[in-house]
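Each chain, letter by letter, is given below.
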Amino acid sequence: MELRQIETFLRIAELGSFSRAAEKLGYSQSAVTMQMKQLERELGVRLVDRIPRGAQLTDQGRAFAFYARELMAVSQRAVAAARIDEGDEKGMIGSLRIGGVESVSTAILPELLVRFHDQHPHVELVVRTARAEALIEDMRDNRLDLFVTMDRQMSVRGLARTLLRAEDLVFVASPALDGLPGTVSLDDLSSLPLVLTERGESYRRELELLLAERDEQLHPVVETGNTETLVHLAERGVGIAYLPRFSVAAALAAGALIELPTDIAQPSMWTQLFIHKDKLMTPPLDAFIRLVIEEMGAVA
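What you see is a predicted model, and the numbers here were worked out from it, not measured in a lab. (Residues numbered from 1 in each chain as written. Predicted model: local features only at pLDDT ≥ 70, side-chain atom pairs only at ≥ 80, totals over all residues. Heavy atoms only, no water.)

Asker: Can you break down helix H3 (residues 29–43) residue by residue, with the values?
Answerer: With 15 residues, H3 should reach 21 Å at 1.5 Å per residue; the first-to-last C-alpha distance of 21 Å fits that figure. Listed as buried for H3 are Val-32, Thr-33, Gln-35, Met-36, Leu-39 and Glu-40. One side of H3 carries all its buried residues, which in axial view fall inside an arc of 160 degrees. Facing away from the buried surface of H3 by more than 90 degrees, the exposed residues are Ser-30 and Arg-41. Downstream of H3 by a residue or two, Gly-44 has a phi angle that is positive, lying close to 80 degrees. (Helix = DSSP H or I, 4+ residues; strand = E, 2+ residues; numbered from the N terminus. Expected span 1.5 Å × (residues − 1). Buried < 20%, exposed > 50% of the residue type's maximum accessible area, 1.4 Å probe, protein only. Arc of directions from axis to C-beta.)

Take a look at the structure:
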């Protein structure tokens, strides 16, 4: 088994096409086909099925892809280690692929990334922001080294979890917003001018479930996946936002937003870090996890 065969396989997996993989790698399509046949013959399994629209990994191919990405990452670190200057940190090279849901990526990750980069400048940091479901799939396919989410306590098959800290959810609004309720109550929730995350997001989902029991629905003025946009909209008096306290802490401290009292029972939400159970614990990955725990603590 050769690294070039593995690289070719991963390109096919990424692009879903033998021809596009060949173009990307600068090979002929026949060369790509031959490399795949040789790899499959050596492994004794079919890795890729040809379909009318391109190529699709088999179950064995998807399982192999996880470790194939590990092999390629290790080879890249080996090359980097051979070229690293004597004064550089031992092992702190390569890249670290970090995932985060929107609220975490905008309010928690930036400071962690700055601190990590200051300590380990030779590690390339690649950040992906998406919904938790997409990040879980990326972890299973080894496209991410870790991801951080905020939700009720989650257990995900094949992933190891570190429970970091409990998070408060708050209703906030501009003090200048007309008609602010004395208390945000469930009775009035469906009629309030809300600016909310997209339907189905973790903390919005909690409100939707409460109203579903009453056969009612939320009717937001604005909905968007960008947490910072929601904060700015609330500051401008467009509506009432429902967000993690860490997302609005600066605006509350500056007086741009005020917290509204509520009699709605708040869900138990947690910031949680996940890695794949079979993931190779590299020095950069270990150092980043240690930094996160140092900054945020860990329960389990």
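Next comes the rest of the description.
Asker: Could you give an account of the sheet that holds strand S12 (residues 269–276), naming the residues involved and the relevant values?
Answerer: The 5 strands are arranged S4-S3-S5-S12-S6 in an open sheet whose pairing can be described as mixed. Where the open sheet ends on each side, the last strands, each with one partner, are strand S4 (123–129) and strand S6 (159–167). Mean inter-strand twist for the sheet, computed between neighbouring axes without regard to direction, equals 20 degrees. Relative to S12, strand S5 (residues 146–151) runs antiparallel, the two being bridged by 5 bridges. The residue bridging Met-150 from the neighbouring strand is Thr-271, located in S12. Those strands touched by helix H6 (residues 109–119) are strand S3 (94–100) and S4, and its axis lies near 170 degrees from that of S4. Lying on the sheet, helix H7 (residues 132–140) is in contact with S3, S4, S5, S6 and S12; it crosses S5 at an angle near 155 degrees. (Pairing = 2+ DSSP bridges. Axes fitted to C-alpha atoms, helices over the stretch in contact; angles between N-to-C directions. Contact = heavy atoms within 4.5 Å.)

Asker: Can you explain unusual backbone geometry? Please cite residues and give values.
Answerer: If you check the backbone angles, Asn-142 has positive phi at about 60 degrees while not being a glycine. Assignment of secondary structure puts Asn-142 in the loop between H7 and S5. One non-glycine residue, Asp-215, lies in positive phi territory at about 60 degrees. Tracing the sequence through the fold places Asp-215 in the loop between helix H8 (202–212) and strand S9 (222–223). On the basis of relative accessibility, which here comes to 74%, the residue Asp-215 falls in the exposed class.

Asker: Give a detailed account of the nonpolar core, specifying residues and quantitative values.
Answerer: Residues Phe-171, Leu-189 and Phe-288 are the most contacted members of the largest nonpolar core, which totals 66 residues. Per element, the largest residue contribution to this core is 7 residues, and it comes from helix H11 (residues 283–296). Phe-171 has contacts with Val-184, Leu-189, Leu-207, Ile-240, Ala-241, Tyr-242, Ile-258, Glu-259, Leu-260, Thr-262, Ile-264 and Gln-266, leaving out every residue within four places of it along the chain. Listed in part, the 17 residues of the second largest apolar core include Leu-47, Val-48, Ala-65 and Ala-68. (Core = buried A, V, L, I, M, F, W, Y, C linked by side-chain atoms within 4.5 Å.)

Asker: Lay out the packing of aromatic side chains with the relevant residues and their values.
Answerer: With the rule as written, the count across this model stands at 5 aromatic pairs. Centre to centre, the rings of Phe-66 and Tyr-67 are 5.0 Å apart; their planes meet at 75 degrees, and the pair counts as edge-to-face. (Phe/Tyr/Trp six-rings, centres within 6.5 Å; stacked < 30°, edge-to-face > 60°.)

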